[in-house]
Amino acid sequence: MTPELQMLIWSSLLGLFQILLATTFVTIERGVKWNLSSRNQELPPPKGIAGRLNRAAENFKETFPFFIAAVVLIQFLGRNNSVTAIGAQVYLYGRILYIPIYAFDITHVRTAVWSVATFGILLVLSGVFF
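Residues numbered from 1 in each chain as written. Predicted model: local features only at pLDDT ≥ 70, side-chain atom pairs only at ≥ 80, totals over all residues. Heavy atoms only, no water.

**Notes on the pattern of salt bridges**
Per the stated rule, a full pass over the model turns up one salt bridge. Across the pair Lys61 and Glu58 runs a salt bridge, and its minimum N-O distance is 2.9 Å. Of this pair, Lys61 and Glu58 both sit in helix α3 (residues 48-77), separated by three residues, roughly a single helical turn. Accessibility expressed as a relative area gives 41% for Lys61, which makes it partly exposed. (Salt bridge = Lys/Arg side-chain N within 4 Å of Asp/Glu carboxyl O. Helix = DSSP H or I, 4+ residues; strand = E, 2+ residues; numbered from the N terminus. Buried < 20%, exposed > 50% of the residue type's maximum accessible area, 1.4 Å probe, protein only.)

Right under this line is the structure:
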């Protein structure tokens, strides 16, 4: 198994972890009764750490499809190399760091870490062109 596919597996697990973490904190804020309900009632977005973890999970869902596409594409083309492997690692490690940085509201660092993780996707995609 290539390093890129290994990072894809770990990133998938990270995404599931983020959803569970965000759901746990939102449930702490709103209560188990809310979690077990049909949620037909519109509520304001979660606040504090619950809101930040929820937004971090949503942000992961925005970038993850591009990472999947990049990894699948280079695997299909047989164009993986050391740069694409490093790119996949940069994406995963950046996304791991993003969670606590966003949760604790470290704003400028959060943007830098997001940029580094997104750059990892570009490194993976570079295998298609170089």
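Further notes follow.
**Focus on unusual backbone geometry**
Of note, the phi angle at Asp105 is positive, near 60 degrees, even though the residue is not glycine. Looking at the secondary structure, you find Asp105 in the loop between α4 (82-103) and α5 (107-129).

**Things to note about the environment of Arg79**
By the element assignment, Arg79 lies in the loop between α3 and α4. On a C-alpha basis, the gap between Arg79 and Ser126 in space is 9.2 Å, while along the polypeptide they are 47 residues apart. Apart from residues no more than four positions distant in its own chain, Arg79 is found in contact with Ile74, Thr84, Gly127, Val128, Phe129 and Phe130. At 3.5 Å, the side chain of Arg79 forms a polar contact with the backbone oxygen of Val128. (Contact = heavy atoms within 4.5 Å. Polar contact = N/O pair within 3.5 Å; in protein donor to acceptor, adjacent residues only side chain to side chain.)

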